[in-house]
Structure formats: C-alpha cells, structure tokens
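Descriptive analysis of the structure
One-letter residues, chain by chain:
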Amino acid sequence: MTITRFLPSVLLLVATLGMPSPGRTGEAVQNDSAALDFFEREIRPLLVEKCLSCHGDNKVRGGLRLLTRESALKGGNSGAVLVPGQPGQSLLIKAVEHSGELKMPPSGKLSQPQIARLKRWVASGAPWPATSKPVSVSSGEKFQPTEAQRRWWAYQAVRAVSPPRVKQQSWPHNEIDRFILAELEKRQLPPAQPAARHTLLRRATFDLTGLPPTPEELAAFLKDNSPEAFARVVDRLLASPAYGERWGRHWLDVVRYADYHDGNPRARDANCEPMEAWRYRDWVVDAFNRDLPFDQFLIHQIAGDLLPSPDGKEIYPEGLIATTFLSNGAWDRGDADKEKMVSDMVDDQIDTIGKAFLGLTLGCARCHDHKFDPISQTDYYALAGMFYSTHILKELGAKGGNYTLNRVPLVSPSYLRQRDEQFKELFAIKAKLSALDRQTPKPTADDPARLQLVKQGEKLKAELLPEPAVAEAAQEGGTPGGLFPKIQDVPLHIRGSYTRLGPVIPRRLPLFFVGEKQPPITRGSGRRELASWIASKTNPLTARVIVNRVWQGHFGVGLVPTPNNFGLLSEPPAHPALLDWLAARLVEDGWSLKKLHRRIMLSATYQQASVVPRAHLAQDPDNRWLGRFSPRRLEAEAIRDAMLFTAGRLDRKRGGPASAELTSTRRSLYVQTARWERSNFATLFDAANPDASVEKRTTSTVAPQALFLLNNDFVLVQARHLADRLQREVPTEETARLQRAFVILFARPAQPEEIRLAQEILAQPPRDGKEANWRALLHVLLCGNEFVYLD
C-alpha cells in the first residue's frame, strides 16, 4: 500500500490553480438535455417574439436568419452574431445591450432578465436543438403527432418481459442480474468480482443513509457469514430514520426545493418567503421512511388538498402540507408585471410536474407546439387552466411590491370558529374594563365588578386555543386580482404572452396519451384528474421514471441518462427490458420504493467491485453495460455529514426549521437552502440549484474546494473533535488508535505501509504538542480522496 491510497485530493486540486477549465465542445453542448431544455423554454420564445419578424422565413433583414444554430453562427451582413461561450464577444449580446452602434430589437430594448437569459445561453455554448422544424409560431393547424413520436419507446405501454437466459448460471443473485449478464455475455465482457465486504457495507450505508457505517456495524457484518448477512444490513438501513433524510434530499433536488429565497434571515419578507417550507421537507422525509406508495406520494403533492382525511376529520393536514410542492417555486416575487408573474408560476408548476413525474418537458409547449415530443400548445393551456384555477397566492401585491403566499391553517374550521369566539369574548371583557376605567370617580383596583372581569379574562386566556400551524398549501380557486381569479378554462396565450389571448382551451389531459374521448372536467380545477392519470398503472411513463431515478441513486447514472427527459431528445436506455421489468415489479409491489431498493441492492450487479482489467475498461469505458461498479464522489451533504458523524458530533434531531449556520451540528438537510445564496459550502460542492428541477447533480473539481477543505474552520474543528474522540476511545496504544481512525473514516483497517507513513507524520517535532500532530494527520485523512469518494 502506498501513500497514494490516501493522498489528499486537495493537494491534487491545488496543482490546478491557474489552469483554465476545459470548455465544452459544440457536440457536448448539443447533447446536454438540460441546456437544450433551457433553450426551448427561455430562448426560443424570446427569438420568436422579438426577432423573427425581421430575421425569420418571411423577412430577412441584414442577411441574418435566426432559424437554426447553423444560420445564427453563419451570421449576416455584419458577420457572425454568436460566439458560443463568449457573450462579451457576441454581436447579438452587444446589440440587445445597446452597447454598440447596432441596437436591437427596433421596437425597444429588452428587459434586463431577458438580456441575462440570452447571455447565460451564449455563455453555456449557445445550445440549440438540431431539428427539421425551424423556430416558428404555431400555425393554428391541428397538432398531428409524427410517426417517430408514435413509435418512441417511452410512450409505449410497459412490456411484460421475462428475464433472459444466461450462460453463467452461478453469477446472478436475482432477476436483475440475468438482464445485465445477458448483455455482458453478448459483448464477451465478464462481470467484475464481488466487492470486498467492508467496501460493500460502506457503499450500502452511504447509499441508503448518507452516512458512513460505524466500527461496530462493520464488525457485526464481517462476523456474520450467513447468506442473509447483507440482506439484514439492507433491511436495517431501510428501517433507519436516516434513510428518509437521505432519499428525501434526492427528491428535493427534483422538485426545486428551497427553505427560503433570501439567505439572510433579517432581510426576509415573511409574506412572500416560504417560511413554512420545512413542513413539506419533513413530510417528504416521513413519506420515504414509512414507504408511502409512490402513486400516493405524487397524488398528495399535486392534489393533496382535495383528498379526504383517512380518519374522517374535517381537514387532512398531510394532504395540505404536501401541496407546498406547488407553491415553493422559483419566480420573481416583486415583479411589476403581475400577470406575467402568475403565468410564470403556472409554467413552473407544469414544467416541474412534467419533469418530476413524467420525464416530459411540458414547459416547452408554452409558446408553440413542442418541437420534439407529442405535446401541443393546446395541451399546455389545457393543463394551465388547472393551475390558473389553483389558489397559491393570497394577494398579488402592489405593482413592484411582493405577493403574499396563501397560508392554510392545519386545523378544522370548527377549531378556528371556536378560537374566534374566544377572541371576541376577550375583546368584550377588555371593552368593559375600559368603560369602567372611564367612569368618574374611577373604580378602585379591588372593585368587585372590575375583579370579576379580570378573573374572567384570565380564565379565557388560560383556555385560549393555541394559534394553529399553517402550511403554504394549494387550494381550489384562482389568483385574487388576477386575470383568472376563479376556477375556469383559460385561453391559449399566443407566443406564451397573456397580452395576446387566443381561443379558450377546455381543461383536459394531453390528447396523445389520453385521447379525445376523455370525460370533461366540470368540477374543480382538474388537479385531481391530472394526479390520477399520472399515478395510473397504465401510464407508460410514471413507473419507468421513478425506477430510473432510484437506479441512478444507486449507480450514479440512470438506465436512461436524462431522468427528467424521456422524450425524443433523450438517449434510449441501454437496458430497456430491465427498465420495463423493474417498472412492472414496482407497480405489482404496490409502488413500494423500499422493495425496489432491496431488489436492486441484493443483486450481484450492485455488489460488484469497481476494479476490472484494463481491457474491460477499454471495451466499456462509460460502464454502459454495468460490468463493474462506478466510483463516484459523495454529495455536498454527505461530505459534511460524514465529517460531523466521524467526529462524534452529528446531532440526529429530525425536522423543524432550517439553520442558517454551516457550523450547526445537525444534518445538512436541516441547514438552509436559499435561492439567492450561491456562495456557500453546498454550492461549492455542487449541491442542486433550487431555481429549477435538477435531474442529476454535476461533479466539479475546482481549486476553491481544496482551499475550503484545507483552511475552513469547519473542517479543522471536525479534525480536532475526531482527535479527541480517538483519544477517549484508544487512550494509549498508537497503532491501535491509527487502526481505529481508519475504520471510522474508511470502514477498513489500515495497511502496514499506511501505519508506517502515519507514524512518520506523528513523529515529527511537534510545535503545539503531540496532539497537534494527530489533528494534522486526521485533517489530511478527512481531505483524502477515499473519504469523499464512494467505491
């Protein structure tokens, strides 16, 4: 064993200081699903509205057409207008900023948010989907799905498939392995050897709880030689409250969750800040822990306010809290254009529902028929009517002022009436006391009438019902003071703008998937009908999409590599039969995610080692065929939580409002996520951006990460507490203490070479005592690759 086993990743990172990050190639940009989705939702509508009247098919001013990426890169009489990756050098940006001679569009300067979106697009490489359909305005003709759309794999019913036969009968642990092994055998790729038991335990424990195993858990697992040993580990981890915290965080990425908009507690406007969002976060954690069937999980979030209470009570708090999903979005809260703000809220809700539950980019049909998938603009506004008919704002606010979120008491109407009556009685007593005090002469303090009133008031105060908790819940009804203030169908917005309204579109479900013969929505917003369709066993997308997300959580990459997009821009799965088999099993198992986890983790596929011969790496460098386990870096939350956990300081208290301080000893789930705060530990280590649904986190390697690990007090404090813990647990023998450190940090014993090297470090002349050397050594180990990577 050599020093490279725990050579600090930070030292490697420091070497990159001053080195430019490699830019993304044009091919990489054009294959980036999220970037292409941004173009469809934010850039294409802007080009249609502001540019195509002069630079489209019918009119070509200055020789410039803005119909495709190729025509934009070619430019016009003034030369190229786009320099991908360099907005400052792009003539398009200079023109819309009015910073040069050319000032566009002629009708007036774009708004700052519009310019910012264009600059972001160009900076990302100017991704533009390659399509035979150029940018255009919907013609008004009836939408007709293409043959390619009709035949696309994700839109077909989930197939009833059987696991294939394989030659190597001894390898499979369950049916999953037969699907994987069949593909490996076709390519003459053998599966990897089983992972070492300590590696497997660490992998499983982080996967299900986001925390490392304890030395005691490791010892118990290594001692248990029975065939059911690993199954018992998986069952124990699934029963841990930490499971819900871990997998709840995965879900919060998908639904663009934030605890607050503003990271500064003193700067928050309580009217528009999601001050009670934490109740939704805690509901999600609890739902995962009690294995709420996934179909019910999604129904609660879309239409929980419309569900009857299982206990027959007047109100169903769980259903109300779950609909915070609809109100906790990223939108301009103090927009002067209030109607656009509401239309953006509706778009955010449609877009997030489409991506999270269906793997569809429904938001791309806001301004025109979807360019790739069978979703028409009329489909979009049929859905939009449901969310314009949903009440999430109490009031819009004055022009330029903030809106007020709708907050619903989590108690019954009778409770509220009783509390109101109590307040009326208190006010009446106060009025009588005031009247007595105005009498002449003024009554004395021991006046019988006054004493009786005071006693009545004190008794009422003691009996006063507590102020009820509230949730930022959705309810039926539109936006007060808005264009659509009640439950109603809404007109198609030409080019996505509420200022140009077309025909009224009845609320309904997407025609391609449900057909023309669907019952009309005559009562309520339609959210209940939408939720029921998405949760239907016959929906071809829902089960596949959530199975794919769970698979990604265990293997780092989904069977479909774009979990938010199963449409025609996505890459089909390498293992389509396995995806269908797992989706069918999920539904048969009552939509139980815990059973899905168990099935995946008990497979030989999951339990493989990551090390294979070089020839196998060369044959399948991306591990598409899953002949090995792919190592990956831990997420920001897991890195921070593991530091606290190994130092013996992690506060396991669950739930409640989030802390604003990184120094909190609670799990990172309970450290605030704020939309306007992007310079914190979580962001540095690639936490999800809460402005939009995140299908998969990026993994960057940048110098500031190294500097944080080397210098930040949080890391140094954990190293000190870890040293104190080791001193308590192994007070005398140095080698035994080193072994304990390696087991705590890496879930494995130290190798002789590592012991020798560590002892050399400890033998250095101490400047601040021998314990300072221990702290320095442990700091190095906390910063090491092995600590922050999962193998």
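Residues numbered from 1 in each chain as written. Predicted model: local features only at pLDDT ≥ 70, side-chain atom pairs only at ≥ 80, totals over all residues. Heavy atoms only, no water.

1. Brief notes about the overall build of the protein
For the protein, the count of helices and strands is 35 helices and 10 strands. Taken over C-alpha atoms, the radius of gyration comes to 30 Å for the protein, in line with the 28 Å a tight globule of 791 residues would show. Counting every position in the protein, which comprises 791 residues, the buried fraction comes to 54%. If you take every contact in the protein between residues at least 6 apart in sequence, the share linking residues at least 24 apart comes to 69%. About 34900 Å² of surface is accessible on the protein, with carbon and sulfur atoms providing 53% of the total. Distance from the positive charge centre (104 side chains) to the negative charge centre (90 side chains) of the protein: 2 Å. (Helix = DSSP H or I, 4+ residues; strand = E, 2+ residues; numbered from the N terminus. Rg over C-alpha atoms; globule rule 2.2 N^0.38 Å. Buried < 20%, exposed > 50% of the residue type's maximum accessible area, 1.4 Å probe, protein only. Contact = heavy atoms within 4.5 Å. Areas by Shrake-Rupley, 256 points an atom, 1.4 Å probe, with all protein chains shown as cover. Lys, Arg positive; Asp, Glu negative; His and termini not counted. Charge placed at Lys NZ, Arg CZ, Asp CG, Glu CD.)

2. A short note on the nonpolar core
By size, the foremost hydrophobic cluster in this structure holds 130 residues, and its most contacted members are Trp251 and Phe357. Top element by residues in this core is helix H18 (residues 338–358). It accounts for 9 residues. Setting aside its immediate chain neighbours within four residues, Trp251 contacts Tyr280, Val284, Phe288, Phe294, Phe297, Gln301, Ala356, Phe357 and Arg549. Judged by nonpolar contacts, the second largest core, of 43 residues, contains Ala636, Phe708, Ala750 and Leu762. (Core = buried A, V, L, I, M, F, W, Y, C linked by side-chain atoms within 4.5 Å.)

3. As for helix H32 (residues 734–746)
Taking 1.5 Å of rise per residue, the 13 residues of H32 would be expected to cover 18 Å, and the 18 Å separating its terminal C-alpha atoms lies within 8% of that figure. For H32, the set of buried residues is Arg737, Leu738, Ala741, Phe742, Val743, Ile744, Leu745 and Phe746. The N-terminus of H32 is capped by Glu733, whose side-chain oxygen sits 3.3 Å from the backbone nitrogen of Thr735. Where H32 terminates, the next one or two residues include Ala747, which has phi positive at roughly 60 degrees. (Expected span 1.5 Å × (residues − 1). Polar contact = N/O pair within 3.5 Å; in protein donor to acceptor, adjacent residues only side chain to side chain.)

4. Quick notes on the packing of helix H25 (residues 576–588) against helix H26 (residues 593–601)
Axis separation between H25 and H26 bottoms out at 9 Å; the angle between their running directions is 140 degrees. In terms of their interaxial angle, H25 and H26 are classed as oblique. The interaxial crossing formed by H25 with H26 has right-handed handedness. Judged by residue contacts, Trp581, Leu582, Arg585 and Leu586 of H25 engage Leu593, Leu596 and Arg599 from H26. (Axes fitted to C-alpha atoms, helices over the stretch in contact; angles between N-to-C directions. Parallel < 35°, antiparallel > 145°, perpendicular 65-115°, else oblique. Left-handed = near helix turned anticlockwise from the far one by under 90°.)

5. Quick notes on the confidence of the model for the protein
For the protein, the mean per-residue pLDDT works out to 91, and 94% of the residues sit at or above 70. Throughout residues 1–25 the model reports pLDDT below 50, and contacts reaching past four residues in sequence, or to other chains, amount to 40 contacts. Below pLDDT 50 for its whole length, residues 134–140 participates in 20 contacts with residues either more than four positions away or in separate chains. (pLDDT = per-residue confidence, 0-100.)

6. Concerning the side chain of Asn406
With respect to the helices and strands, Asn406 occurs in the loop between strand S3 (404–405) and strand S4 (408–409). According to the relative accessible area criterion, Asn406 is buried, its value standing at 8%. Of note is the side chain of Asn406, whose polar atom sits 3.1 Å from the side chain of Gln475. Not counting residues up to four positions away in its chain, the partners in contact with Asn406 are His391, Ile392, Leu393, Lys394, Ala471, Glu472, Ala473 and Gln475.

7. Some details on the pattern of salt bridges
According to the stated counting rule, one finds 50 salt bridges in the structure shown. The structure contains a network of salt bridges with shared partners spanning Glu216, Arg725, Glu729 and Arg740. (Salt bridge = Lys/Arg side-chain N within 4 Å of Asp/Glu carboxyl O.)

8. Considerations on helix H33 (residues 752–762)
Among the residues making up H33, those that are buried are Glu754, Ile755, Leu757, Ala758 and Leu762. The arc that holds every buried residue of H33, seen down its axis, measures 170 degrees, which confines them to one face. For H33, the secondary structure elements touched by its buried residues are H32 and helix H34 (770–782). (Arc of directions from axis to C-beta.)

9. A closer look at the packing of helix H13 (residues 241–254) against helix H14 (residues 277–289)
Across the interface, H13 lies against H14 with an axial gap of 8 Å and an inter-helix angle of 120 degrees. As summarised for this structure, H13 and H14 are arranged oblique, according to the angle between their axes. Remark: the crossing between H13 and H14 carries right-handed chirality. In this structure, H13 contributes Pro241, Tyr243, Gly244, Glu245, Trp247, Gly248, Trp251 and Leu252 to the contact, and H14 contributes Tyr280, Arg281, Val284, Val285, Phe288 and Asn289. Residues belonging to the contact of H13 with H14 are distributed by class as follows: 9 nonpolar, 3 polar and 2 charged. (Nonpolar A, V, L, I, M, F, W, Y, C, P; charged D, E, K, R; others polar.)

10. Some remarks on the packing of aromatic side chains
Inspection of every chain in the model, using the stated rule, returns 32 aromatic pairs. Seen from their ring centres, Trp152 and Trp153 are 6.5 Å apart, and the 50 degrees between their planes marks the pair as tilted. Overall, the relative accessible area of 14% leaves Trp152 in the buried class. Owing to a relative accessible area of 18%, Trp153 belongs among the buried residues under this scheme. With centroids separated by 5.6 Å and ring planes inclined at 40 degrees, the aromatic side chains of Trp251 and Phe357 adopt a geometry described as tilted. (Phe/Tyr/Trp six-rings, centres within 6.5 Å; stacked < 30°, edge-to-face > 60°.)

11. Thoughts on unusual backbone geometry
Following Met104, the chain continues to Pro105 via a peptide bond in cis, the omega torsion being -5 degrees. Position of Pro105 among the secondary structure elements: in the loop between helix H6 (91–97) and helix H7 (112–123). Positioned with a positive phi, Arg495 is a non-glycine residue whose angle comes to about 60 degrees. Relative to the assigned elements, Arg495 resides in the loop between strand S7 (490–493) and strand S8 (501–505). Since its relative accessible area comes to 26%, Arg495 is described here as partly exposed.

12. A short note on the environment of His98
The topology assignment puts His98 in the loop between H6 and H7. With relative accessibility at 26%, the residue His98 sits in the partly exposed group. Between the C-alpha atoms of His98 and Asp724, which are 626 residues apart in sequence, the distance is 61 Å. Beyond its immediate sequence surroundings of up to four residues, His98 is in contact with Lys103, Met104 and Lys109. Within the structure, the side chain of His98 is placed 3.4 Å from the backbone oxygen of Met104, a separation counted as a polar contact.

13. Quick look at the environment of Ala750
Position of Ala750 among the secondary structure elements: in the loop between H32 and H33. Between the C-alpha atom of Ala750 and that of Arg44, which follows or precedes it by 706 residues, the distance is 57 Å. Contacts of Ala750, omitting those with residues within four sequence positions, involve Gln739, Phe742 and Ile755.

14. Considerations on the side chain of Thr205
With respect to the helices and strands, Thr205 occurs in helix H10 (residues 197–209). For Thr205, a relative accessible area of 2% corresponds to the buried category. A polar contact of 2.6 Å, which involves the side chain of Thr205, links it to the backbone oxygen of Leu201. Setting aside anything within four residues of it in sequence, one finds Thr205 in contact with Gly210, Leu211, Pro212, Pro213 and Leu237.

15. With respect to the environment of Asn623
Locating Asn623 in the fold gives a position in the loop between helix H27 (614–619) and strand S9 (632–633). Between the C-alpha atoms of Asn623 and Phe484, which are 139 residues apart in sequence, the distance is 51 Å. Those residues in contact with Asn623, other than ones at most four positions away along the chain, are Arg628, Phe629 and Ser630. Within the structure, the side chain of Asn623 is placed 2.8 Å from the backbone oxygen of Arg628, a separation counted as a polar contact.

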